[in-house]
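Residues per chain, in single letters:
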Amino acid sequence: MTTPQFSFDEINEKVAVINGGSGVLCGDFARALAGIGAKIALLDINKNAAQKAAGDVVKLSGAQVIGIACDVLSKESLEAARIQINSEFGPIDILVNGAGGNAKSATTEIEQISDMVDAPKSFYGLEIDGFNSVFNLNFIGTLLPTQILSQDMSHKKSGVIINISSMAAFHPLSKIPAYSAAKAAVSNITEWLAVHLAPMGIRVNAMASGFFLTQQLKFLAFDEAGNLTPRYKRVIGKTAIKRLGDHEEF
Ligand SMILES: NC(=O)c1ccc[n+]([C@@H]2O[C@H](COP(=O)([O-])OP(=O)(O)OC[C@H]3O[C@@H](n4cnc5c(N)ncnc54)[C@H](O)[C@@H]3O)[C@@H](O)[C@H]2O)c1
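Below you will find a few notes about this structure. As the structure is a prediction and not an experimental result, all values here were calculated from the model.

**Here we look at the pattern of salt bridges**
Overall, the coordinates contain seven salt bridges when judged by the stated rule. One salt bridge connects K156 with D93, and the closest N-O pair in it is separated by 2.5 Å. With K156 in helix α6 (residues 151–156) and D93 in the loop between α3 (75–88) and β4 (94–97), the pair connects residues that are 63 residues apart, well separated along the chain. The class for D93 is buried, based on a relative accessible area of 7%. Between E111 and R234 there is a salt bridge, with its nearest N and O atoms 2.6 Å apart. Here E111, found in the loop between β4 and α4 (128–138), pairs with R234, found in helix α9 (residues 230–237); they are 123 residues apart in sequence, far enough to count as distant. Its relative accessible area of 34% is what places E111 among the partly exposed residues.

**What about the pairing of strand β2 (residues 39–44)?**
In terms of burial, β2 is a largely internal element, six of the six residues being buried. Going residue by residue along β2, you find K39, A41 and L43 tucked away on one face and I40, L42 and D44 tucked away on the opposite face as well. Bridge count between strand β1 (residues 15–19) and β2: five bridges; the pairing is parallel. In the sheet register, A16 faces β2, and the bridge partner there is I40. Handedness of the crossover joining β1 and β2 through helix α1 (residues 24–35): right-handed. Of the strand pairs in this sheet, β2 and strand β3 (residues 65–69) are connected by five bridges, and their pairing is parallel. Bridging from a neighbouring strand, I40 pairs with V65 of β3. After leaving β2, the chain enters helix α2 (residues 47–61) and then returns to the sheet as β3, a path that is right-handed.

About the cut-offs
- Residues numbered from 1 in each chain as written.
- Predicted model: local features only at pLDDT ≥ 70, side-chain atom pairs only at ≥ 80, totals over all residues.
- Heavy atoms only, no water.
- Salt bridge = Lys/Arg side-chain N within 4 Å of Asp/Glu carboxyl O.
- Helix = DSSP H or I, 4+ residues; strand = E, 2+ residues; numbered from the N terminus.
- Buried < 20%, exposed > 50% of the residue type's maximum accessible area, 1.4 Å probe, protein only.
- Pairing = 2+ DSSP bridges.
- Right-handed = clockwise from strand over helix to strand, strands pointing away.

Listed below in structure tokens is the structure:
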């Protein structure tokens, strides 16, 4: 039996697109891919943040990195980004769909309802606009970029797509129904796409991440005094490492 040889050489010079690229976890993705020689386009709705994040990765790694303003919910914006990436780097080989997250507008104030007096703080008080915005960002914000940014891979019959799901896809978290449902949909479309795109030589996988201390988690995990909420103590108690993850462990 021969010993398997692992190497990242095949990533060298590959063109990687990272959506939500100026965010905390996707920033780590960018630094890791830059370190093994990929050319990277960081796409983010926030133009300044995308360009700053790209500059930071260049300083750190010397890799070829560009920051592009792009809304993952807009076909026109994604098509414009694809044209720019193709002209600066060539065809896309790797796509990381990392734009996503939860919002207060899609979060119930209470975990369970036992009296209709609390209806406004519960599921019954959620506005559909808030639900839509979180569901669409996570689900459509994975679907639409895949439709537009994986076409180069299909032409080449080779490529990799990584979607970011969550443990909330398997066990919906209290208070965040739209986020949990959207991540379940991300896991589901990942399996569907893996089968649909397999004959084109494209691998589609999703990471179901646990709980990392990022900006968007802060309002859910800590109270105003900066103490971990009882709900998050329970969440952490159910994790293997019994603490929040550090983003560098992503
Ligand atoms: N933080 C966690 O514990 C955790 C756990 C599981 C999964 N995730 C998932 O990991 C991914 C990254 O999370 P993070 O914690 O690093 O979040 P983050 O908020 O740091 O990054 C998200 C990025 O997406 C960008 N974005 C938002 N809307 C966009 C749009 N319409 N178009 C393009 N970009 C847009 C934001 O500007 C931001 O830079 C998300 O999908 C999140 O749901 C996070």
